2 protein chains.
Amino acid sequence: MRESILAAAIQLFAEYGYHAAPLRDIARIAGIQAASIYHHYPNKQSLLVEIMTTYMQQLNRQIEHILSEYDEPVERLQQAITNHIHLHTRYKAEFFIIDTEIRSLEAENRLNIISLRDRYDELLQELLRDGMERGIFRQSDVKVTSYAIIAMCTEVATWFRSGGRLTVQQVIDIHCQMIMQGLLIDQEATLKQRGLS
Amino acid sequence: MRESILAAAIQLFAEYGYHAAPLRDIARIAGIQAASIYHHYPNKQSLLVEIMTTYMQQLNRQIEHILSEYDEPVERLQQAITNHIHLHTRYKAEFFIIDTEIRSLEAENRLNIISLRDRYDELLQELLRDGMERGIFRQSDVKVTSYAIIAMCTEVATWFRSGGRLTVQQVIDIHCQMIMQGLLIDQEATLKQRGLS
């Protein structure tokens, strides 16, 4: 029953937004009486918190696992990109809610969810910093780089269609190449030509 | 008066979501009678359409200008990144609405807004394709690359604070470097080591 209620909440929050999705509609779609929903969740806010917590924790557990399993920076980053794109294309509605409804969290809940998100950012930043210290990654602003990588991998969920032109693995490979190698073919020549080296 | 109504709509759509922002609250914040709003906008949907159209058109006009003013691919891409980050950090709420409320557009309006967004994607793709054909940019999937660049530059608006650690120009420079050069210092050696070349 809790699962049907959660599934209905995910559907309505993603389609209409948190504030425009009444509890009675969530109950109707879950197939229960509006009053019975309170046996499972004290209020609508607790549904939002559970959705956000569940998927942020899953993201965090998986990047923690990658950091402990792998050591080489390029391998770690490939694994982190793969994991991020897999989870975001699999749980599209859930992560859309995480990305758009932080605004709808009450103060204490907001702090908790933001600290889960900060934890994820920090783990990716640790990975990047280690690669820079080991001379594999170019020195760059670690925070900005982590936000950029997260943004481009999150965005995949908005356009990717399973059965479309590209497989998930192809999309992952393109992202890895773009992030690690960049767009320029002859980096030295281009920088020299533009007076940057 | 139209401008106060638009400003109030932008504030409420961004804060609560389109469906949860009643016209009477928009009127109250704009400082007019609820009934008077209909002299300016026939309904709430027309407000959403005007917000989205105005800022998508501005984005398109500016990238068209860049493509006609500059010829060299690296220069063009730098200008496009600069323009995207400037507009998104300046009109944060407006672009947040564009990014999250396509779901709330009625059928015909949705087609119109999506075609404006497609136009922007196509212009950036034209820029990238030209750079690849001229041997400046690495051959890669043009569509996926354009979505990734747009995503990371759009994301800046969610964390950038004017007066914070970095200036807009520094953020732009970091993005240009990341997109064009990538993360790897010694690309050839790394690829060889991983058996990829």
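Residues numbered from 1 in each chain as written. Chains lettered and ligands numbered in written order. Predicted model: local features only at pLDDT ≥ 70, side-chain atom pairs only at ≥ 80, totals over all residues. Heavy atoms only, no water.

An unreviewed UniProt entry annotates chain A as TetR family transcriptional regulator of Reticulibacter mediterranei.

**Points about the overall build of chain A**
Our working rule: In DSSP terms, a helix is any run of H or I states spanning at least four residues, a strand is any run of E spanning at least two, and both are numbered starting from the N terminus. Exposure categories follow from relative accessible area, calculated using a 1.4 Å probe and restricted to protein chains: below 20% of the type maximum is buried, above 50% is exposed, and the middle band is partly exposed. Here a residue-residue contact requires only that any non-hydrogen atoms of the pair lie within 4.5 Å. What sets the accessible areas is the Shrake-Rupley method with a 1.4 Å probe; for residues, cover comes only from the shown protein chains. By the counting rule applied here, Lys and Arg register as positive and Asp and Glu as negative, while His and the ends of each chain are not counted. A charged residue contributes its charge at one atom only: NZ of Lys, CZ of Arg, CG of Asp or CD of Glu.
Looking only at helices and strands, chain A features 9 helices and 0 strands. If you list the helices and strands of chain A from N to C, you get α-α-α-α-α-α-α-α-α. Projected onto its principal axes, the C-alpha coordinates of chain A cover approximately 70 × 35 × 35 Å. Within chain A, buried positions represent 53% of all 197 residues. Sequence-distant contacts in chain A: of pairs separated by 6 or more residues, those separated by 24 or more amount to 66%. In the form shown here, chain A has an accessible surface area of approximately 9,400 Å², with 48% of it arising from carbon and sulfur atoms. With 20 positive and 25 negative side-chain charges, chain A shows a separation of 5 Å between the mean positions of the two kinds.

**Here we look at the interface of chain B and chain A**
Quick note on the threshold: Put simply, buried area is how much 1.4 Å-probe accessible surface two parts lose in total, over both of them, once they are put together. Criterion for a salt bridge: a side-chain nitrogen of Lys or Arg within 4 Å of a carboxyl oxygen of Asp or Glu. Within 3.5 Å is the distance limit for a polar contact, defined as a pair of N or O atoms, with the added protein rule that one can donate a hydrogen and the other accept it, and that residues adjacent in sequence qualify only through two side-chain atoms.
Between chain B and chain A, the contact holds 51 residues from the first and 51 residues from the second. In total, about 4,600 Å² of surface goes out of reach between chain B and chain A, with carbon and sulfur atoms giving 61% of it. Summed over the shared surface of chain B and chain A, the number is 2 salt bridges. One salt bridge in this structure joins Arg165 of chain B and Asp141 of chain A, with 2.8 Å as the shortest N-O distance. Where chain B touches chain A, the interface holds 22 residue pairs in polar contact (both at pLDDT 80 or more).

**Brief notes about the relation of the copies chain B and chain A**
Formally: C-alpha atoms of residues with pLDDT of at least 70 in both copies form the basis for the least-squares superposition of the copies.
Least-squares fitting of chain B to chain A yields an RMSD of 0.0 Å, with the transformation described by 0.0 Å of translation along the axis and a rotation of 180°. What the rotation and shift describe, once combined, is the action of a two-fold rotation axis. Residue Gly182 of chain B, judged by its C-alpha, is the member of chain B lying nearest the rotation axis, at 1.8 Å. Interface overlap between copies is the fraction of interface residues in one copy that are interface residues in the other; for chain B against chain A it reaches 100%, indicating a shared surface.

**Comments concerning helix 3 (residues 44-69) of chain A**
Counted only if it meets this: An expected span of 1.5 Å times one less than the residue number is assigned to each helix.
Compared with an ideal rise of 1.5 Å per residue, which puts 26 residues at 38 Å, helix 3 of chain A spans 38 Å between its outermost C-alpha atoms and is within 8% of the ideal. For helix 3 of chain A, the capping residue at the N-terminal end is Asn43 of chain A, with a side-chain oxygen 3.4 Å from the backbone nitrogen of Gln45 of chain A.

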